[in-house]
Amino acid sequence: MDANSMSETNQRAWMEEAAQLSLDNLQSGEGGPFGAVVVKGGRIIARGNNRVTSTNDPTAHAEVVAIREACRLLGTFDLRGCELYTSCEPCPMCLGAIYWARFDKVYFANTRHDAADAGFDDALIYQEIEKPLAQRKLPMEHFPNEKARAVFWRWKEKQNKIHY
């Protein structure tokens, strides 16, 4: 078997694991039918399943759970060199977390349209992001504060900060 075939075989297995996590979650009722795995160096280093309803945490999506576990295990907030395999196209929150984690690549099985068809519609959030603050369904108002501004200024000038 050549390297490309081996890689594709591994990729299929990693996506199968993400799909299995989503099925397990469907059956356990721990949360929504979503699963994700983080791969580094040719092996799964972290797994995540949706735990929103079982933990009363709206941020406990499968991708975020997997990211938290990978970061904990690796002792870093930077997941460069890692890939994410997830059972569904990431929602806007997860997409933000994925970008902040700096994955090399993301693979997803179901699309956001498949998720909407199953009752998980993130379209509102995608639409809201594009709107001016005054037009959003959730009222948001810019409320300037000098102390908050000064903290950012101090951060900007700080010499020994850890960039992320």
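The preceding data block contains the structure.
Residues numbered from 1 in each chain as written. Predicted model: local features only at pLDDT ≥ 70, side-chain atom pairs only at ≥ 80, totals over all residues. Heavy atoms only, no water.

Let us now look at the packing of aromatic side chains. Counted by the stated rule, this structure contains five aromatic pairs. When the ring of Tyr85 is compared with that of Tyr107, the centres are 4.5 Å apart and the planes differ by 10°; the resulting orientation is stacked. With Tyr85 in strand 3 (residues 82–88) and Tyr107 in strand 4 (residues 105–110), the pair connects residues that are 22 residues apart, well separated along the chain. Here Tyr85 falls in the buried class, since its relative accessible area comes to 1%. (Phe/Tyr/Trp six-rings, centres within 6.5 Å; stacked < 30°, edge-to-face > 60°. Helix = DSSP H or I, 4+ residues; strand = E, 2+ residues; numbered from the N terminus. Buried < 20%, exposed > 50% of the residue type's maximum accessible area, 1.4 Å probe, protein only.)

Here we take up the sheet that holds strand 3. Taken in spatial order, the four strands line up as 2-1-3-4 in an open sheet, and their pairing is mixed. Of all the strands in the sheet, the pair left with one neighbour each is strand 2 (43–49) and strand 4. Each neighbouring strand pair of the sheet contributes to a mean axis angle of 15°, computed without reference to strand direction. Most of the contacts of helix 3 (residues 62–74) go to strand 2, to which it runs at about 135°, and overall it touches strand 1 (35–40), strand 2 and strand 3. (Pairing = 2+ DSSP bridges. Axes fitted to C-alpha atoms, helices over the stretch in contact; angles between N-to-C directions. Contact = heavy atoms within 4.5 Å.)

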